[in-house]
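# Structural characterization, general
Here is what each chain is made of, one letter per residue.
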Amino acid sequence: MHEITHRTIATNSARIHVAECGAGPSVVLVHGYPESWYSWRHQLPALAAAGYRAVAIDVRGYGRSSKPVRVEDYRMLKNVADIVGVAQSLGRERVTLIGHDWGAPIVWTSALLRPDLFRGVALLSVPYAPPAPHVGPSPLQRMRALAGKDEFYADYFQIPGRAEAEIEEDVRSWLLGFYWCASGDVVNGPNIGLVERGKRLRDKFVFPEKMPRWLSDADLDVYTREFEYSGFFGPLSRYRNVDRDWEDLAGFADRPIELPALFVGGSKDGPTIMGAPAIARFKETLPRLTKSVILDGAGHWIQQERPEETNALLLEFLKQIH
């Protein structure tokens, strides 16, 4: 059994907490919202057993990593600089990046801006879409147009303090409702991508009769402790920078990623379903794509819901590029 060790790395004026396991070529795993390094608990030992040094980070704003107090300090370029600093701290060898949910845009933007540092990139849930030209409606304006009379969840998260107040009154139940409703196990679940104006996202949640096989009470306790400690300002501020990111990355508009790539989505995962047009463009946007897989029945939390299948796909990809 490979032991998971913890330390912090000083990078980009930030402190990034990492959980490490194994020895060999380095693989950096980047989580999404609302998760932590712990969302890779099934991948760390599997990658280590296969001869890799698996390094799962807490993204800035989460867990034991730094928590800047300004919204703009959560823009994508700050996250990229954190990834670059972590990668450089691991030695001279190029690093493979794996990202889920918001972790996917973080790792693909890192690969886009600094391809010299990375060997390949694996994306879970969110398919690669190149930065858009800085013309026309902004990302938030487009979200509002699509949502109609309701609010798109990312727009609902924009006002500092509003979503935080809803979540932090009962962190454990909010996380359980969010995790369950976005999973592949929920039957006829609510569309938590939209929030009725004047109401809370929590008002749409349904809850499991018993804990799902992929999320135990002990797992939920870990996440709850992490967020009761860290709060939600940092995690939510990633959403509050989508228009800044659009401006910051305009110089890379329509650029493909030239590194080897893997995509894994779920047939019941909202970002994968909404990302169908992006998936259709992979021949142009990911010219060195090794495989694109949609796991039937899987929801949003792919590496937790389907750890064995996810691990097999990741290990196949790593073997191909090493």
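Everything below is about the structure shown above.
A brief report on the enclosed structure follows. (Residues numbered from 1 in each chain as written. Predicted model: local features only at pLDDT ≥ 70, side-chain atom pairs only at ≥ 80, totals over all residues. Heavy atoms only, no water.)

### Looking at the overall build of the chain
Across its full length, the chain holds 15 helices and 10 strands. In summary, the chain has a C-alpha radius of gyration of 18 Å against a globular reference of 20 Å for 322 residues, a match within 12%. Based on the C-alpha atoms only, the size of the chain along its principal axes is roughly 50 × 45 × 40 Å. Split into buried and exposed, the 322 residues of the chain put 58% on the buried side. About 13,200 Å² of surface is accessible on the chain, with carbon and sulfur atoms providing 53% of the total. Distance from the positive charge centre (38 side chains) to the negative charge centre (40 side chains) of the chain: 4 Å. (Helix = DSSP H or I, 4+ residues; strand = E, 2+ residues; numbered from the N terminus. Rg over C-alpha atoms; globule rule 2.2 N^0.38 Å. Buried < 20%, exposed > 50% of the residue type's maximum accessible area, 1.4 Å probe, protein only. Areas by Shrake-Rupley, 256 points an atom, 1.4 Å probe, with all protein chains shown as cover. Lys, Arg positive; Asp, Glu negative; His and termini not counted. Charge placed at Lys NZ, Arg CZ, Asp CG, Glu CD.)

### Some remarks on the pattern of salt bridges
Taken as a whole and assessed by the stated rule, the structure comprises 23 salt bridges. Measuring nitrogen to oxygen at the nearest pair gives 2.8 Å for the salt bridge that ties Asp116 to Arg114. A salt bridge links Arg172 to Asp221; the shortest N-O distance between them is 3.0 Å. Here the residue Arg172 occupies a position in helix α7 (residues 171-181), and Asp221 occupies one in helix α8 (residues 217-230), the gap between them amounting to 49 residues. The class of Arg172 is partly exposed, set by a relative accessible area of 29%. The exposure class of Asp221 is partly exposed, given its relative accessible area of 29%. Here the residues in one salt-bridge network are Glu169, Arg200, Arg202 and Asp203, joined through shared partners. (Salt bridge = Lys/Arg side-chain N within 4 Å of Asp/Glu carboxyl O.)

### Some thoughts on helix α4 (residues 139-147)
Those residues of α4 that sit buried are Pro139, Leu140, Met143 and Ala147. Across the axial projection of α4, the buried residues extend over an arc of 95°, all falling on one side. Elements in contact with the buried residues of α4: β7 (151-152), α5 (153-156), β8 (194-195) and α10 (242-248). Downstream of α4 by a residue or two, Gly148 has a phi angle that is positive, lying close to 65°. (Arc of directions from axis to C-beta. Contact = heavy atoms within 4.5 Å.)

### Some words on the packing of α7 against α8
Between α7 and α8, the shortest axis-to-axis distance is 9 Å and the interhelical angle comes to 120°. One way to sum up the angle between α7 and α8 is to call them oblique. The two elements α7 and α8 cross, and the hand of that crossing is right-handed. Across from Val171, Arg172, Leu175, Leu176 and Tyr179 in α7, the residues of α8 making contact are Asp217, Leu220, Asp221, Tyr223, Thr224, Phe227 and Glu228. Its residues placed into classes, the contact of α7 with α8 shows seven nonpolar, one polar and four charged. (Axes fitted to C-alpha atoms, helices over the stretch in contact; angles between N-to-C directions. Parallel < 35°, antiparallel > 145°, perpendicular 65-115°, else oblique. Left-handed = near helix turned anticlockwise from the far one by under 90°. Nonpolar A, V, L, I, M, F, W, Y, C, P; charged D, E, K, R; others polar.)

### Some thoughts on the packing of helix α2 (residues 76-89) against helix α3 (residues 103-113)
Axis separation between α2 and α3 bottoms out at 9 Å; the angle between their running directions is 75°. Here α2 lies roughly perpendicular to α3, going by the angle between them. Contacts between α2 and α3 pair Met76, Leu77, Asn79, Val80 and Ile83 from the former with Pro105, Ile106, Thr109, Ser110 and Leu113 from the latter. Its residues placed into classes, the contact of α2 with α3 shows seven nonpolar, three polar and no charged.

### A look at the sheet that holds strand β5 (residues 95-100)
One key point about sheets: their strands pair by backbone hydrogen bonds, in either a parallel or an antiparallel sense. Ordered in space as β1-β2-β4-β3-β5-β6-β9-β10, the eight strands form an open sheet in which the pairing is mixed. In the strand order of this sheet, the two ends are held by β1 (5-11) and β10 (289-295), each with one partner. With strand direction ignored, the average angle separating the axes of adjacent strands in the sheet is 20°. Pairing analysis gives four bridges linking strand β6 (residues 118-124) to strand β9 (residues 261-266), with the strands arranged parallel. Paired with Val121 across the strands is Ala261, a residue of β9. (Pairing = 2+ DSSP bridges.)

### Notes on the packing of aromatic side chains
Evaluated as defined, the whole model comprises 24 aromatic pairs. When the ring centre of Trp102 is taken as reference, the NZ or CZ atom of Arg238 above it lies at 4.7 Å. (Phe/Tyr/Trp six-rings, centres within 6.5 Å; stacked < 30°, edge-to-face > 60°. Lys NZ or Arg CZ within 6 Å of the ring centre and 35° of its normal.)

### Quick word on empty space enclosed by the protein
Picture a little ball the size of a water molecule; that probe, rolled over the atoms, points out where space is still empty. Inspection of every chain in the model, using the stated rule, returns one cavity of 30 Å³ or more. Grouping the constituent residues of the lining of the largest cavity by class yields seven nonpolar, four polar and two charged. (1 Å grid on protein atoms, 1.4 Å probe; cavity = no way out; pocket = protein on both sides within 12 Å on 5 of 7 lines; lining within 4 Å. Points joined across faces, edges and corners; volume = space filled by probe spheres on them.)

### Structural notes on the environment of Asp73
Locating Asp73 in the fold gives a position in the loop between β4 (53-57) and α2. With relative accessibility at 13%, the residue Asp73 sits in the buried group. Between the C-alpha atoms of Asp73 and Arg60, which are 13 residues apart in sequence, the distance is 9.2 Å. Discounting chain neighbours no more than four positions away, the residues touching Asp73 are Arg60, Pro68 and Lys78.

### Considerations on α2
Given 3.6 residues per turn, any residue in an α-helix points the same way as the ones three and four places further on. When the terminal C-alpha atoms of α2 are compared, their 20 Å separation across 14 residues agrees well with the 20 Å that a helix rising 1.5 Å per residue should span. One or two steps after α2, the chain reaches Gly91, where phi turns positive at roughly 120°. (Expected span 1.5 Å × (residues − 1).)

### A word on the pairing of β4
Burial of β4 is extensive: four of the five residues sit out of reach of the surface. Both strand β2 (residues 14-21) and β4 contribute to a ladder of four bridges, which runs antiparallel. Directly across from Glu20, in β4, lies its bridge partner Val55. Note that the unit made of strand β3 (residues 26-30), helix α1 (residues 43-49) and β4 has a crossover that is right-handed. (Right-handed = clockwise from strand over helix to strand, strands pointing away.)

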